Amino acid sequence: PAACTAFDPATAARVTAALCKQLGEKLDAIRGAAGAALQELLVGTETRVPFVPRRMKAARALLQVGAAGAGGAVDWSAPTVTYPRLVACLDVYAGFDADGACRRIFGG
């Protein structure tokens, strides 16, 4: 995969935080788009984005690697699928701070 050079650690942290925040959105379409983008950011094969904080831990939480039925397509628009995965991801990013980019994954 091609390497993305437009990201630095702070930018990668901000993008990851923004996508996780949108993953908790009430609107199915927004949640679906955010989930697909976050999945590509974490484990995508098209372009490898560097500096994604805690990439493998977040991928395991969100994609539930090792869980029954994991590894297939994820319906990110379905709240019953997305919200439990998002809660697991909150543990990964609890109190995370990369150069002041995101104090918490959810917050101001």
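That block above? That's the structure.
No experiment lies behind these values; they were computed from the predicted model shown.

## Quick notes on the overall build of the protein
Helix and strand counts for the protein stand at 4 helices and 2 strands. A total of 108 residues make up the protein; the buried ones form 36% of that total. The long-range share in the protein, meaning contacts at least 24 apart out of those at least 6 apart in sequence, stands at 61%. If you sum the accessible surface of the protein, you get close to 6000 Å²; carbon and sulfur atoms cover 58% of it.

## Topic: the nonpolar core
L38, L42, L62 and C89 are the most contacted members of the largest nonpolar core, which totals 20 residues. Mapped onto this core, the elements with two or more residues apiece are α1 (9-23), α2 (28-43), α3 (55-63) and α4 (79-93). A per-element tally of this core places α3 first, with 5 residues. Setting aside its immediate chain neighbours within four residues, L62 contacts L23, L38, L42, W76, R85, L86 and C89.

## A closer look at α2
Structurally, the α-helix is built with 3.6 residues per turn, so residues lying three or four positions apart point the same way. For α2, built from 16 residues, the straight-helix expectation of 22 Å at 1.5 Å per residue is met to within 8% by its first-to-last C-alpha distance of 22 Å. Regarding α2, the residues found buried are R31, G32, A34, G35, L38, L41 and L42. Turning to α2, the residues buried within the fold contact α1, β2 (47-48), α3 and α4.

## Here's the deal with the side chain of R31
By the secondary structure assignment, R31 is in helix α2. According to the relative accessible area criterion, R31 is buried, its value standing at 0%. At 2.3 Å, the side chain of R31 forms a polar contact with the backbone oxygen of S77. Of note is the side chain of R31, whose polar atom sits 3.3 Å from the side chain of Y83. Contacts of R31, omitting those with residues within four sequence positions, involve Q22, L23, E25, K26, W76, S77, A78, P79, T82 and Y83.

## Considering the side chain of R55
Mapped onto the fold, R55 is located in helix α3. Although R55 lies buried, it forms no salt bridge, and the closest oppositely charged side chain, E40, sits 8.9 Å away as judged by the N-O distance. If near-sequence neighbours (up to four positions away) are discounted, R55 is found in contact with L41, L42, R48, V49 and P50.

## Overview of the packing of aromatic side chains
Within this structure, the stated rule accounts for 0 aromatic pairs. The positively charged end of R85 is found above the aromatic ring belonging to W76, 6.0 Å away from the centroid.

## Examining α4
Spanning 15 residues, α4 covers 20 Å between terminal C-alpha atoms, matching the ideal 21 Å at 1.5 Å per step. For α4, the full list of buried residues reads T82, R85, L86, C89, V92 and Y93. Buried residues belonging to α4 abut α1, α2 and α3.

## A look at the packing of α3 against α4
Between α3 and α4, the shortest axis-to-axis distance is 7 Å and the interhelical angle comes to 160°. Put simply, α3 runs roughly antiparallel to α4. As for how α3 packs across α4, the hand of that crossing is right-handed. The segment α3 lies against α4, with K57, A58, A61, L62 and L63 engaging R85, L86, A88, C89, V92 and Y93. Taken together, the residues that form the contact of α3 with α4 break down as 9 nonpolar, no polar and 2 charged.

Conventions used here
- Residues numbered from 1 in each chain as written.
- Predicted model: local features only at pLDDT ≥ 70, side-chain atom pairs only at ≥ 80, totals over all residues.
- Heavy atoms only, no water.
- Helix = DSSP H or I, 4+ residues; strand = E, 2+ residues; numbered from the N terminus.
- Buried < 20%, exposed > 50% of the residue type's maximum accessible area, 1.4 Å probe, protein only.
- Contact = heavy atoms within 4.5 Å.
- Areas by Shrake-Rupley, 256 points an atom, 1.4 Å probe, with all protein chains shown as cover.
- Core = buried A, V, L, I, M, F, W, Y, C linked by side-chain atoms within 4.5 Å.
- Expected span 1.5 Å × (residues − 1).
- Polar contact = N/O pair within 3.5 Å; in protein donor to acceptor, adjacent residues only side chain to side chain.
- Lys, Arg positive; Asp, Glu negative; His and termini not counted.
- Salt bridge = Lys/Arg side-chain N within 4 Å of Asp/Glu carboxyl O.
- Phe/Tyr/Trp six-rings, centres within 6.5 Å; stacked < 30°, edge-to-face > 60°.
- Lys NZ or Arg CZ within 6 Å of the ring centre and 35° of its normal.
- Axes fitted to C-alpha atoms, helices over the stretch in contact; angles between N-to-C directions.
- Parallel < 35°, antiparallel > 145°, perpendicular 65-115°, else oblique.
- Left-handed = near helix turned anticlockwise from the far one by under 90°.
- Nonpolar A, V, L, I, M, F, W, Y, C, P; charged D, E, K, R; others polar.

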